[in-house]
Amino acid sequence: MDFTFTEEQQAAVEAAGAVFGGVAPDGVPSPALTAGAVADDFDRALWAKLADADLLSLLLDPAYGGAGLDAIALCLVLRESAKVLARVPLLESTAAAVVVQEYGGEATKAELLARAGRGEVVLTVAANGRTGHEPAERAVTARQDGDVWVLDGVQTAVAWAHGADLVVVPAHTDDGRTLLALVPRGHEGTVLGEQISTTGERLGELRLESARIPARQVIDAEGAWERLRELLTTGTCALALGLGERVLAMTGAYTGKREQFGFPVATFQAVAVQAADRYIDLRAMEATLWQAAWRISTVAVGRGAVGTGAVDSGAGGALPVAGDVAVAKIWASEGVRRVVQTAQHLHGGFGADTDCSLHRYHAWAKHLELTLGPAAAHEEALGDLLAAHPLG
């Protein structure tokens, strides 16, 4: 498989490097020293810079002011953002906008997409369900009442919910369909509680109590939720990869200058072997990420006209795209944990010192690991796919 990036994708990486180059991971109080949230809002100044660099509209069609790129370009930018712990809803807002573009009505697209690409409207996604251990679409019910949909249920740990203008909420109907409702912040019938991530960022517990959402703000198309979930998952894997690469680089720099018995500890075999194992983890995370990103990009192109609700037939691979996404999740969830644990071990007590930014990376890695879920669950899902699609 040739994962050589196109000139447009490489240009996106260069633009991201220019924007994120001035971001300090220690720009907010340490979560280890803060009882509540480290900040009330995401980094609005950085958000504006991303908009100015056209990085919020990468995946939007030129008709909406975008570059028309694919999920690979988004993952490349997310990878760079994670290296500096960028506090912005880049993944959630971009993924939601893509699904609106591909499955939403014309009026909704005209109202939202160009503004989202300019950073004027911020979107996020309620993707964790009631407890974080169940399908998100099962946590909210939707019933139609004339020209509105009535939503009831709870979504936990909604990222950036207190700063986003719209939350995309998956909900299920009595006949088993999954809808995506665009719920404005503060909408009547909604209550947004505060939760705190391991990173110290504010999350939201969104309660919907007979919230009435106009039908024009609801996406009722087969495949829309699956598409959004694939983008969110693959993007989270890209964040895990970028964070892990930065942490391993920090570890290499530290062990290269830290001496014991007159020699840098990096020259000790036990240290070198552990670092080499983590390097292998990162390369596996990278290969499986690009495979998943390539597959979801290929499937999107293969659908032809957007918004048709077509599903992946497995073309381009022995398994449906969900198989590649599951493999990427397995490596990212396990890999990012192993990388930060080894980094803490090789840094010694210095790694836990709040004057060192490594403890922040550890906290963000734990959040990503929890977001992705346990590797065993993804292995079970992969096993089900293999049973249903024999490779022979």
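Residues numbered from 1 in each chain as written. Predicted model: local features only at pLDDT ≥ 70, side-chain atom pairs only at ≥ 80, totals over all residues. Heavy atoms only, no water.

Examining helix H6 (residues 224-257)
Working step 1: With 34 residues, H6 extends 50 Å between its outermost C-alpha atoms, agreeing within 8% with the 50 Å of an ideal straight helix rising 1.5 Å per residue.
Working step 2: The buried fraction of H6 is high, at 26 of 34 residues. (Helix = DSSP H or I, 4+ residues; strand = E, 2+ residues; numbered from the N terminus. Expected span 1.5 Å × (residues − 1). Buried < 20%, exposed > 50% of the residue type's maximum accessible area, 1.4 Å probe, protein only.)

Some words on the side chain of Ser57
Working step 1: With respect to the element layout, Ser57 can be found in the loop between helix H2 (44-52) and helix H3 (71-83).
Working step 2: For Ser57, the residues in contact, after removing those within four places along its chain, are Gly65, Gly66, Ala67 and Gly117. (Contact = heavy atoms within 4.5 Å.)

A short note on the packing of aromatic side chains
Working step 1: Applying the stated criterion to the full structure yields four aromatic pairs.
Working step 2: Ring geometry for Phe42 versus Trp160: centroids 6.3 Å apart, planes at 85 degrees, classification edge-to-face. Placement of the pair is Phe42 in the loop between helix H1 (7-20) and H2 and Trp160 in the loop between strand E3 (148-159) and strand E4 (166-172), with a sequence separation of 118 residues.
Working step 3: Both rings, one in Tyr254 and one in Phe350, keep their centres 5.6 Å apart while their planes meet at 10 degrees; by these two values the pair is stacked. Highlighted residues: Tyr254 in helix H6 and Phe350 in the loop between helix H8 (321-347) and helix H9 (358-372), separated in sequence by 96 residues.
Working step 4: Taken together through their ring pairs, the aromatic side chains of Phe42, Trp47 and Trp160 make up a single cluster.
Working step 5: Above the plane of the ring of Tyr279 lies Arg283, whose end atom (NZ or CZ) is 4.9 Å from the centre. (Phe/Tyr/Trp six-rings, centres within 6.5 Å; stacked < 30°, edge-to-face > 60°. Lys NZ or Arg CZ within 6 Å of the ring centre and 35° of its normal.)

Focus: the pattern of salt bridges
Working step 1: Enumeration according to the criterion identifies 26 salt bridges in this entry.
Working step 2: In this structure, Glu369 engages Lys366 in a salt bridge whose closest nitrogen and oxygen atoms are separated by 3.0 Å. Within this pair, Glu369 and its partner Lys366 are both found in helix H9, separated by three residues, close to a single helical turn.
Working step 3: What emerges from the salt-bridge pattern is a single network uniting Arg278, Asp281, Glu334, Arg337, Arg338, Lys366 and Glu369. (Salt bridge = Lys/Arg side-chain N within 4 Å of Asp/Glu carboxyl O.)

Focus on the packing of H3 against helix H4 (residues 90-103)
Working step 1: Viewed as axis vectors pointing N to C, H3 and H4 meet at an angle of 165 degrees, and their least axial separation amounts to 11 Å. By the angle class used here, H3 and H4 are roughly antiparallel. In this structure, H3 crosses over H4, and the sense of that crossing is right-handed. Contact residues: Leu74, Val77 and Leu78 in H3; Leu90, Leu91 and Thr94 in H4. (Axes fitted to C-alpha atoms, helices over the stretch in contact; angles between N-to-C directions. Parallel < 35°, antiparallel > 145°, perpendicular 65-115°, else oblique. Left-handed = near helix turned anticlockwise from the far one by under 90°.)

So, the confidence of the model for the protein chain
Working step 1: Confidence in the prediction for the protein chain averages 92 pLDDT; 94% of positions are at 70 or higher.
Working step 2: Contacts from residues 304-315, a stretch scored under 50 in pLDDT, to residues over four places away or in other chains number 20 contacts. (pLDDT = per-residue confidence, 0-100.)

Quick look at the pairing of strand E2 (residues 140-145)
Working step 1: Relative to E3, E2 runs antiparallel, the two sharing six bridges. Across the sheet, residue Gln144 finds its bridge partner in E3, namely Trp149.
Working step 2: Counted between consecutive antiparallel strands, the loop separating E2 from E3 contains two residues, among which Gly146 sits at a positive phi close to 70 degrees. (Pairing = 2+ DSSP bridges.)

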